[in-house]
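Below, each chain spelled out in residue letters.
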Amino acid sequence: MNTTTKPSVWFHLMAAVTVAIWGTTFVSTKVLIGYGLSATDILFYRFIMAYICIWFFSPRILWAKSWRDEGVFVLLGLTGGSLYFIAENTALGMTLASNVSLIICTAPILAAFLSFFLYKGERLKPKLIIGSLMALGGVALVVFNGSFILRISPLGDILTLVAALMWAIYCLLLKRMNSNYSTLFITRKVFFYGILTLLPFFFFYPLQTDITILFQPLVIANLLFLGVIASMLCYIMWTLAVKRLGVVCAANYIYVVPLVTLITSAVVIDERITLIALIGCAFILGGVYLAER
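Here is what the cut-offs are and how they apply
- Residues numbered from 1 in each chain as written.
- Predicted model: local features only at pLDDT ≥ 70, side-chain atom pairs only at ≥ 80, totals over all residues.
- Heavy atoms only, no water.
- UniProt positions renumbered as here; feature names shortened; annotations may be inferred.
- Core = buried A, V, L, I, M, F, W, Y, C linked by side-chain atoms within 4.5 Å.
- Buried < 20%, exposed > 50% of the residue type's maximum accessible area, 1.4 Å probe, protein only.
- Helix = DSSP H or I, 4+ residues; strand = E, 2+ residues; numbered from the N terminus.
- Expected span 1.5 Å × (residues − 1).
- Contact = heavy atoms within 4.5 Å.
- Patch = residues over 30% accessible without salt bridge, like charges linked within 9 Å, V, L, I, M, F, W, Y side chains within 5 Å.
- Areas by Shrake-Rupley, 256 points an atom, 1.4 Å probe, with all protein chains shown as cover.
- Salt bridge = Lys/Arg side-chain N within 4 Å of Asp/Glu carboxyl O.
- Axes fitted to C-alpha atoms, helices over the stretch in contact; angles between N-to-C directions.
- Parallel < 35°, antiparallel > 145°, perpendicular 65-115°, else oblique.
- Left-handed = near helix turned anticlockwise from the far one by under 90°.
- Nonpolar A, V, L, I, M, F, W, Y, C, P; charged D, E, K, R; others polar.
- Phe/Tyr/Trp six-rings, centres within 6.5 Å; stacked < 30°, edge-to-face > 60°.

- With an unreviewed UniProt entry as reference, the protein chain is termed EamA domain-containing protein, source organism Bacteroides nordii CL02T12C05.
- Its UniProt record gives the protein chain a comment under Subcellular location (unreviewed entry), which states: "Cell membrane".

In structure tokens form, the structure reads like this:
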């Protein structure tokens, strides 16, 4: 039996569980927005919770080994935190949600090409390209779910592409830092600089600090889910997955997010699943399987 490949199954599982959780976060976000929190408020509070929680487990070292590495951690906080979420959430207000869902799933392809050109370590294998395109096609079928409405909104669509590029860069930077720092230390720094780089935005959009809203049981429950599970736990698992599986392999699991969102929508808010969406699910699963081989 090949014992070297067996442990990697756990990291594939980590990547799959992570994107599955991320695919359900829209429910919590929608609930919190209904209580009067903005997308920026939600990001701030979930990262604050994540940072506080991870501090108890992470090494107490404050700074990176060099100022250059500290600068890379700032970039990680920007690309995987503030800039990514701000670009994506702003785009949602400018273009169709279906456009955002589809364009954001170009992140794995962007990561593959950036990895190829910058590191030369992960080749663009034919199976990877075919599998990625197959999965992206499946995403399109799932996102539109039988209702093919495509409205071009240049600024919103460009912002979504910026968000996808930010996540691709984030994954590549993780690969660079994974060999020199522990997963917990990296994740803690991402939350710290994600929070820090978010603060200037509150000059334009003041932070919601109404205690009567923040201490509503449903608000606390959803913020805890987003902060402890979807942020702290998922970012740790994602960092481990990227470390063990590589940028391209781990990023391909992002294609599964719309599939999870589709299922969650059907269960929670009774959205209809069409035959076209089911075909799209098959394309996503088949494409991810092919790309991972």
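The discussion continues.
## What to know about the nonpolar core
Soluble globular proteins: nonpolar side chains tend toward being buried together.
Okay, so step 1: In this structure, F73, L76, W167, Y235 and W238 are the most contacted members of the largest nonpolar core, which totals 71 residues.
Okay, so step 2: Looking at this core, the element that brings in the most residues is helix α10 (residues 217-245), giving 13 residues.

## A closer look at helix α8 (residues 183-198)
Okay, so step 1: The terminal C-alpha atoms of α8, which comprises 16 residues, lie 23 Å apart, in line with the 22 Å expected from a rise of 1.5 Å per residue.
Okay, so step 2: Burial within α8 is extensive, with 13 of its 16 residues counted as buried.

## A few points about helix α2 (residues 39-55)
Okay, so step 1: In this model α2 runs 24 Å from its N-terminal to its C-terminal C-alpha over 17 residues, within 8% of the 24 Å that 1.5 Å per residue would give.
Okay, so step 2: Along α2, the positions that sit buried rather than exposed are T40, D41, I42, L43, F44, Y45, R46, F47, A50 and I54.
Okay, so step 3: On its buried side, α2 packs onto α1 (8-34), α3 (67-92), α8, α9 (211-214) and α10.

## Brief notes about a nonpolar patch on the surface
Okay, so step 1: A grouping of W10, L13 and V17 is seen on the molecular surface, where their side chains present a nonpolar patch of about 310 Å² in accessible area.
Okay, so step 2: Structurally, the position occupied by L13 is in helix α1.
Okay, so step 3: Classification of L13 as partly exposed rests on a relative accessible area of 44%.

## Side note on the packing of α2 against α3
Okay, so step 1: Between α2 and α3, whose axes approach to 10 Å, the crossing angle comes to 155°. Between α2 and α3, the angle is such that the two are roughly antiparallel. Considering only the axes of α2 and α3, their crossing is right-handed. Listed contacts from α3 to A39, L43, R46 and F47 of α2 are G80, G81, S82, F85 and N89.
Okay, so step 2: Grouping the amino acids of the contact of α2 with α3 by side-chain chemistry returns four nonpolar, four polar and one charged.

## Overview of the packing of aromatic side chains
Okay, so step 1: A full pass over the atoms with the stated rule returns 22 aromatic pairs.
Okay, so step 2: Plain terms: the ring middles of F47 and Y235 are 5.9 Å apart, the flat faces sit at 85° to each other, and that makes the pair edge-to-face. On the criterion of sequence distance, the pair formed by F47 in helix α2 and Y235 in helix α10 is long-range, its members being 188 residues apart. A single burial state applies to F47 and to Y235, both of which are buried.
Okay, so step 3: The interplanar angle of 85° and the centroid separation of 6.2 Å between the aromatic rings of W167 and Y235 together place this pair among those described as edge-to-face.

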